[in-house]
Amino acid sequence: MAAERQGGGGGRGAGPEESSREHGKDGKDNKENERPAGPQPGGLGDSLGLEILQIVKESQQQHGLRHGDFQRYRGYCSRRLRRLRKTLNFKMGNRHKFTGKKVTEEILSDNRYLLLILMDAERAWSYAMQLKQEANTEPRKRFHLLSRLRKAVKHAEELERLCESNRVDAKTKLEAQAYMAYLTGMLRFEHQEWKAAMEAFNKCKTIYEKLANAFTEEQAVLYNQRVEEISPNIRYCAYNIGDQSAMNELMQMRLRSGGTEGLLAEKLEALITQTRAKQAATMSEVEWRGRTVPVKIDKVRIFLLGLADNEAAIAQAENEETKERLFESLLSECRDAIQAVREELKPDQKQREHSLENDSGKVSNIQYLHSYLTYIKLSTAIKRNESMAKSLQKALLQQQRSDEDGKRSPRPQDLIRLYDIILQNLVELTQLPGLEEDKNFQKEIGLKTLVYKAYRCFFIAQSYVLVKKWSEALVLYERVLKYAREVQSGAGAHRNSLKELPDVQDLITQVNAEKYSLQAAAILDANDPHETESPSQVRDGKPLSERFETFCLDPSLVSKQVSLVHFPPGFQPIPCKPLFFDLALNHVAFPPLEDKVEQKAKSGLTGYIKGIFGFKS
């Protein structure tokens, strides 16, 4: 108790900003510590009641846990404990001597005594979670973490024992039992006692489910959230006990979480990573394109083991946001694996060069593994961009206007940019080390390049149609048909590799329809006299002030970029200011001035003496 108070007492764990914020809420803190008048919520008569889960969740969300700041929450618990002890006059001695006190059933006349023990347990739990974050870089702190969790369980046991009193209502008793089971499960989970942890979590889950069914929907939301939080832990414990289906259920939980962020999503990712790490111990090699490569890096093993699950989760995603989040998660894991392989490549560079010379161009195993991971990354990026392109095509077909929903409507230029990125990724695929001599691979990439070039040309033509450049659009449509026919003629034995690509036959049908529409629009545009006159007069760039005598329908006059005059105005030649030169100076004869110039007196000893005494002439 004393050691824990020293670590978290007095708000030592919080910064000055948090401390000033807490001290600035004296009115609110006093309300928290006041005794409610009349019967307690949920109680009958003079029974005591305490909304344990609600108090815990509200305190956590308001004091740091929304951002994962356990240190700030621990400081809040310490300050609230001090205020409660002062309000209840339940002090642990004075500043010179510590005197321990325990809350007993005899003095249990106020629900704030129960709150006192609850804050003790929360302070110990938050300290344990803080140490768990720090234990990633300092393993020795794990021992302190287990000690704090045991302390939290001890306080929870004391809370459960006090709630067994007849003075406490039934709802508080059930919440105390569930809280005790939750902390016990967390302790057993950290000890890796999977069976005991699973039993504790199941007990906690059962109690909260029954409480959720016994109250209204608004009150049941909190209990259902806690059930969702502990469900991944239960499935992970089941997997470690021997239930092989638990891994699939963890993946489904992550898929159902959608694009949400927070502690639940982080916990699911951590549990899935731990599960794959155990399965990766049995994985030693991988086969790709007829070559078997040993895999010795743990991070790469974990990534390759979860690759199929991630791809299945992407295929089962219900909306585009979830699919985008899963794509980003997969690409992030792939980049980490590539970085781990790249670090192994650096010290082995000389050996790889030697092996290249001896094996007649055959790359080393670690280099081939790097090429395989790079292939996965680029292929995943292509699939992600293709998925984004499909969603944009649907939006283009629906012709959504920006005025209707307040968003910018999609344009063909957006699709062109996506297909440019896809083509760049395909170029990088052809340059992977170890695959330069693979003719089948190069042929597959060449066919995929033609498919995406066809779609890129199609949307470039669409963009020209929007600005009524009919001839350019028609030429591009012909180029699309050329690419599509080349794909159909060269597919042959590579049809299986082209199944995942868009169907070029549908593109051919759409291009033929667009060509007829384009020709009709061009004929109508040619028959409109206003449309034929106005472009020639607007393209010359003359502003309105220079074409008053000519009438034309210029739509730019009602736009924001109207051209009225040349601004800034151009430079014009003007006469310069005259310069005067004195040319008569050389032809003027000036009068003599010798008679007006004083003759200089002759110098000598007499003149010098006269000058001293002031007798100058």
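None of the values given here were measured: they were computed from a predicted structure.

Take the overall build of the chain next. Within the chain, the regular secondary structure consists of 23 helices and two strands. Counting all 617 residues of the chain, 41% fall into the buried class. Accessible surface, the chain: about 37,500 Å² in total, of which carbon and sulfur atoms supply 52%.

This part is about the nonpolar core. Core analysis: the largest hydrophobic core is formed by 69 residues, its most contacted members being V300, F303, L304, L369 and L373. Taken together, the elements giving at least two residues each to this core come down to β1 (285-288), α13 (298-315), α14 (320-345), α16 (365-398), α18 (412-430), α19 (439-466), α20 (470-490) and α21 (504-526). For this core, the two domains that each supply at least three residues are domain 2 (265-351 + 364-397) and domain 3 (433-526). In contact with L369, not counting residues within four places along its chain, are V286, V293, P294, V295, V300 and V341. Listed in part, the 68 residues of the second largest apolar core include L115, I117, C204 and L211.

Alternating positions in strand β2 (residues 291-294) separate cleanly, R291 and V293 being buried on one face and T292 and P294 remaining unburied on the opposite face. The pairing of β1 with β2 spans four bridges and is antiparallel. Looking at β2, one finds that V286 is bridged to V293. Hairpin geometry of β1 and β2 is characterised by an intervening segment of two residues between the two adjacent antiparallel strands and by a positive phi of about 55° at R289.

In this section: the packing of helix α4 (residues 52-62) against helix α8 (residues 170-190). α8 packs onto α4 with a crossing angle of 55° between their chain directions and a minimal axis gap of 9 Å. Between α4 and α8, the angle falls in the class oblique. The residues of α8 that touch α4, namely those facing I52, L53 and V56, are T172, E175, A176 and Y179.

In this section: the environment of V475. Tracing the chain through its elements places V475 in helix α20. Since its relative accessible area comes to 55%, V475 is described here as exposed. In this structure, the C-alpha to C-alpha distance between V475 and A461, residues 14 residues apart in sequence, is 8.3 Å.

Turning next to the pattern of salt bridges. For side chains bearing opposite charge, pairing can occur when the charged atoms are close. Under the criterion given, the structure shown has 15 salt bridges. In this structure, E138 and K141 form a salt bridge, with 3.7 Å as the shortest nitrogen-oxygen distance. We note a salt bridge from R456 to D420, for which the minimum N-O separation is 2.4 Å. With R456 in helix α19 and D420 in helix α18, this pair connects stretches of sequence that are 36 residues apart. Here the salt bridges share partners, and the residues they tie into one network are K57, R226 and E229.

Attention now goes to unusual backbone geometry. Along the chain, F567 connects to P568 via a cis peptide bond; the corresponding omega equals -5°. Tracing the backbone through its elements, the reader meets P568 in the loop between α22 (529-539) and α23 (605-613). The phi dihedral of N89 falls on the positive side, at around 55°, and the residue is not glycine. Mapped onto the elements, N89 comes out in the loop between α5 (70-88) and α6 (111-134). When its relative accessible area of 59% is taken as the criterion, N89 is described as exposed. Despite not being glycine, K468 has its phi angle at roughly 65°, a positive value. Its place among the elements puts K468 in the loop between α19 and α20.

This brings us to the packing of α6 against helix α7 (residues 141-163). For the pair α6 and α7, interaxial distance at closest approach is 8 Å and the crossing angle is 160°. Between α6 and α7, the angle is such that the two are roughly antiparallel. Where α6 crosses over α7, the two elements pack in a sense that is left-handed.

To continue, consider the side chain of K171. Assignment of secondary structure puts K171 in helix α8. One polar contact links K171 to E51, side chain to side chain, over a distance of 3.0 Å. In contact with K171, not counting residues within four places along its chain, are E51, L211, F215 and Y223.

On the surface, a cluster of nonpolar side chains totalling about 610 Å² of accessible area is made up of L557, V558, V562, L564, V565 and F567. Residue placement: F567 occurs in the loop between α22 and α23. Overall, the relative accessible area of 74% leaves F567 in the exposed class.

Once that is clear, we can look at helix α9 (residues 194-214). Over its 21 residues, α9 runs 30 Å from end to end, which matches the ideal 30 Å to within 8%, given 1.5 Å per residue. Three or more residues of α9 are buried, namely W194, A197, M198, A200, F201, C204, I207, Y208, L211 and A212.

Attention now moves to the packing of aromatic side chains. Across all of its chains, the model carries 16 aromatic pairs by this definition. Their ring planes at 75° and their centres at 5.8 Å tell us that F70 and W125 sit as a pair that is edge-to-face. Of this pair, F70 sits in helix α5 while W125 sits in helix α6; the two residues are 55 residues apart in sequence, bridging distant segments of the chain. Judged on exposure class, the residue F70 and its partner W125 are both buried. Taking 5.5 Å as the distance between ring centres and 45° as the angle between the ring planes, the aromatic pair formed by W288 and Y368 counts as tilted. One end of the pair, W288, is in strand β1; the other, Y368, is in helix α16, with 80 residues separating them in the sequence. Like W288, the residue Y368 is buried in the burial classification. Three or more aromatic residues link up through ring pairs in this structure, and these residues are Y419, Y452, Y455, F458, F459 and Y477.

The rules we used
- Residues numbered from 1 in each chain as written.
- Predicted model: local features only at pLDDT ≥ 70, side-chain atom pairs only at ≥ 80, totals over all residues.
- Heavy atoms only, no water.
- Helix = DSSP H or I, 4+ residues; strand = E, 2+ residues; numbered from the N terminus.
- Buried < 20%, exposed > 50% of the residue type's maximum accessible area, 1.4 Å probe, protein only.
- Areas by Shrake-Rupley, 256 points an atom, 1.4 Å probe, with all protein chains shown as cover.
- Core = buried A, V, L, I, M, F, W, Y, C linked by side-chain atoms within 4.5 Å.
- Domains from an automatic or database assignment.
- Contact = heavy atoms within 4.5 Å.
- Pairing = 2+ DSSP bridges.
- Axes fitted to C-alpha atoms, helices over the stretch in contact; angles between N-to-C directions.
- Parallel < 35°, antiparallel > 145°, perpendicular 65-115°, else oblique.
- Salt bridge = Lys/Arg side-chain N within 4 Å of Asp/Glu carboxyl O.
- Left-handed = near helix turned anticlockwise from the far one by under 90°.
- Polar contact = N/O pair within 3.5 Å; in protein donor to acceptor, adjacent residues only side chain to side chain.
- Patch = residues over 30% accessible without salt bridge, like charges linked within 9 Å, V, L, I, M, F, W, Y side chains within 5 Å.
- Expected span 1.5 Å × (residues − 1).
- Phe/Tyr/Trp six-rings, centres within 6.5 Å; stacked < 30°, edge-to-face > 60°.

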